[in-house]
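In case you want the letters, here they are:
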Amino acid sequence: MLKKAITFLLTVSFLAGALLAHGNATHLMGTVTAVSKDTVTIQDKEGKSVVVMLEKATKYFKTKKPVTIDELKIGTRVVIDAQMNEKMKMYSAEEIQIGTAATAAAAKK
Amino acid sequence: MSEIAQFGSVQASYNSKRMKYATPFLVVTFATLAVTAVYIVRRGFSAREEPNAAETFLARQLRHIAVPRRARQMANPVSASPEVLADAMAHFADHCAICHGNDGSGNAPIGKGLYPKPPDMRQRDTQNLSDGELYYIIHNGVRFTGMPAFGPNNAGEDEDSWKLVRFIRHLPEMTDEEVARMKDMNPKSPADLQEEDEIQRFLEGESEPSGETQKHHH
């Protein structure tokens, strides 16, 4: 009986683990308008400015090769794989793909 | 007193003693069940939360006990080589990364929503498991978690799982370049491929920014 009781309790405890949920990763596409140590600001198609937090774990890629934050320049196109940080009410960047096409602003720099 | 009456008296005494011990046991059991039920009802069945420390500890101990000693002591019959690693990397990207992430961190769309969440396999808790234990888990899966049994349903050993063990040992040394390479090996739906193409064209300057796009719609 003890064995049965323990088995039941364990079953009840772990049943909650059987459910699946899905992530809500977001792709933000735009042109960099400002970069600081902790954030990058991009402007999307609608002209809306979006500030995204840069984390220690944020990875940077250019033509699928890892690069450093130094490649993140004003005027470059980026696609940011981000998660909404509910606490900060801001996007947090997980990965940033940096474009190879330089805009006029970036070319001037 | 007849023998039957004597037997009846002994039986009654035995039953009385049994009841004496059984009652507190039943009370404790039902109280525990009630507390567990209230805990589950209040907490709900959401998979968003993290298992508490006690649950994690208990689950790991049970998993450890559940792996037969003989299996824990098995040595990896597959030797480490660049070819084995490349093969396992492709296999991992195709079958495992959806939950474990290409880097084994567990930071993946499905993995993040699982309960319990997949462990960060680069860390000690996974790396300290023996090769045989890792193989056993991949081959047989883990009940009440999102980990399915990947091995074929026969007694023979599957080489693919042993190769994956080699890859898991490599996870703490993974480079960003390797992770990026694995992205191309991840399974993709037609919508994913279209999105990837749009992103590529955008990054190369062929199209205008299209604003924010949700990767997943559920």
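Located above this text is the structure these notes cover.
Residues numbered from 1 in each chain as written. Chains lettered and ligands numbered in written order. Predicted model: local features only at pLDDT ≥ 70, side-chain atom pairs only at ≥ 80, totals over all residues.

**Q** Just checking my understanding: could you explain the packing of helix α7 (residues 131-140) of chain B against helix α8 (residues 159-170) of chain B for this structure?
**A** For any two helices packed against each other, the geometry is given by the interaxial angle and the distance between the axes. All names here are of chain B. Between α7 and α8, the least distance of the axes is 9 Å, while the angle of their chain directions is 125 degrees. Between α7 and α8, the interaxial angle falls into the category oblique. For α7 against α8, the interelement crossing comes out right-handed. Touching D131, L134, Y135, I138 and H139 of α7 are S161, W162, L164, V165 and I168, all from α8. Here the contact of α7 with α8 is composed, by residue class, of 7 nonpolar, 2 polar and 1 charged. (Axes fitted to C-alpha atoms, helices over the stretch in contact; angles between N-to-C directions. Helix = DSSP H or I, 4+ residues; strand = E, 2+ residues; numbered from the N terminus. Parallel < 35°, antiparallel > 145°, perpendicular 65-115°, else oblique. Left-handed = near helix turned anticlockwise from the far one by under 90°. Contact = placed C-beta atoms within 7 Å. Nonpolar A, V, L, I, M, F, W, Y, C, P; charged D, E, K, R; others polar.)

**Q** Please clarify how unusual backbone geometry should be interpreted in this entry.
**A** What you tend to see is this: most non-glycine residues have negative phi, and most peptide bonds are trans. The residue after Y115 of chain B, namely P116 of chain B, is reached through a cis peptide bond having omega 0 degrees. Inspection of the secondary structure assignment puts P116 of chain B in the loop between α5 (97-100) and α6 (124-127). Although it is not a glycine, K89 of chain A sits at a positive phi angle of roughly 55 degrees. For F144 of chain B, which is not glycine, the phi dihedral falls at a positive 65 degrees. In this fold, F144 of chain B is placed in the loop between α7 and α8. Given 17 C-beta atoms within 10 Å, F144 of chain B falls into the partly exposed group. (Buried ≥ 20, exposed ≤ 12 C-beta atoms within 10 Å, placed from the backbone.)

**Q** Teacher, can you tell me more about the pairing of strand β2 (residues 39-43) of chain A here?
**A** Two faces make up the sheet, and in a regular strand the side chains alternate between them. Residue and element names in this part refer to chain A. Burial along β2 is one-sided: V40 and I42 are buried, and none of T39, T41 and Q43, which face the opposite way, are. Where strand β1 (residues 26-35) meets β2, 4 bridges bridge the pair, whose relative direction is antiparallel. What sits directly across from V35, in β2, is V40. Where β1 hands over to β2, the hairpin turn is made up of 3 residues, counted between the paired strands. Two successive antiparallel strands, β2 and strand β3 (residues 49-53), enclose a turn made up of 5 residues, where G47 displays a positive phi of approximately 85 degrees. (Pairing = 2+ DSSP bridges.)

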